[in-house]
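Examining the three-dimensional arrangement
If you want the building blocks of each chain, they are given just below.
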Amino acid sequence: MSPVANPKPINILLVEDDDGDAKAIQRAFQKSKIANKIIRAIDGIDALEILKGNNGKEKIPTPYLLLVDLNMPRMDGIQLIRALRADPELHPSIVFVLTTSQRDEDKTASYNLNVTGYILKTTAGQDFLNLIELVDCYWRIVEMP
């Protein structure tokens, strides 16, 4: 039995301060022919404004998932995920960490905040495309509220 595509397209909030990394991620989605809308936030503060529709930012439509870098200015990824988990409306957000940090402390802190996955950016090339396919597959088989 093949998975049935989820009838509701998922929006992706990419929280990434590095322009080069953001473009590489978007290219990987295009290469994998995944046409989901990708909205970019440059740090945690920007992401919260998009998630809540504050400061003139258009609120991201549901359903959505986040790809979050950890090392960013103003509000880093761990601080953002803590803010998500503390907010009753944003608490159920699906978060994948996408980072260069291989520190066990960052991995532990992320999983303690119930992230869906912790993925290293250094898995470039085919491994990175596998990540994109994982996100696509996750969306197709997991039931969302």
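The structure reproduced in this document is the subject of the present report.

Cut-offs applied
Residues numbered from 1 in each chain as written. Predicted model: local features only at pLDDT ≥ 70, side-chain atom pairs only at ≥ 80, totals over all residues. Heavy atoms only, no water. Helix = DSSP H or I, 4+ residues; strand = E, 2+ residues; numbered from the N terminus. Polar contact = N/O pair within 3.5 Å; in protein donor to acceptor, adjacent residues only side chain to side chain. Buried < 20%, exposed > 50% of the residue type's maximum accessible area, 1.4 Å probe, protein only. Pairing = 2+ DSSP bridges. Right-handed = clockwise from strand over helix to strand, strands pointing away. Phe/Tyr/Trp six-rings, centres within 6.5 Å; stacked < 30°, edge-to-face > 60°.

What follows is about the side chain of N11. Following the sequence through the fold, N11 ends up in strand β1 (residues 11-15). Polar contacts involving the side chain of N11 include one to the main-chain carbonyl oxygen of P61, which spans 3.0 Å.

This paragraph deals with the pairing of strand β2 (residues 38-41). A one-sided burial pattern is seen for β2, the buried positions being I39 and A41 and the unburied ones I38 and R40. Sheet topology places β1 next to β2; 4 bridges connect them, and they run parallel. Within β2, the residue paired with L14 across the bridge is R40. The parallel pair β1 and β2 is bridged by helix α1 (residues 19-31), and the resulting crossover is right-handed.

Attention now moves to the packing of aromatic side chains. Taken as a whole and assessed by the stated rule, the structure comprises 1 aromatic pair. Judged by centre distance (6.5 Å) and plane angle (40 degrees), the rings of Y111 and Y118 are tilted.

Further remarks concern the pairing of strand β4 (residues 94-99). Every other side chain in a regular strand lies on the same face of the sheet, so the side chains alternate between the two faces. Across the 6 residues that make up β4, a large majority, 6, are buried. By the alternation rule, side chains of β4 split into I94, F96 and L98 and V95, V97 and T99, which are all buried. Sheet topology note: the strand β3 (residues 64-68)/β4 ladder contains 4 bridges and is parallel. Paired with L65 across the bridge in β4 is I94. You can see the chain leave β3, run along helix α3 (residues 77-86) and come back into β4, and the turn it takes is right-handed.

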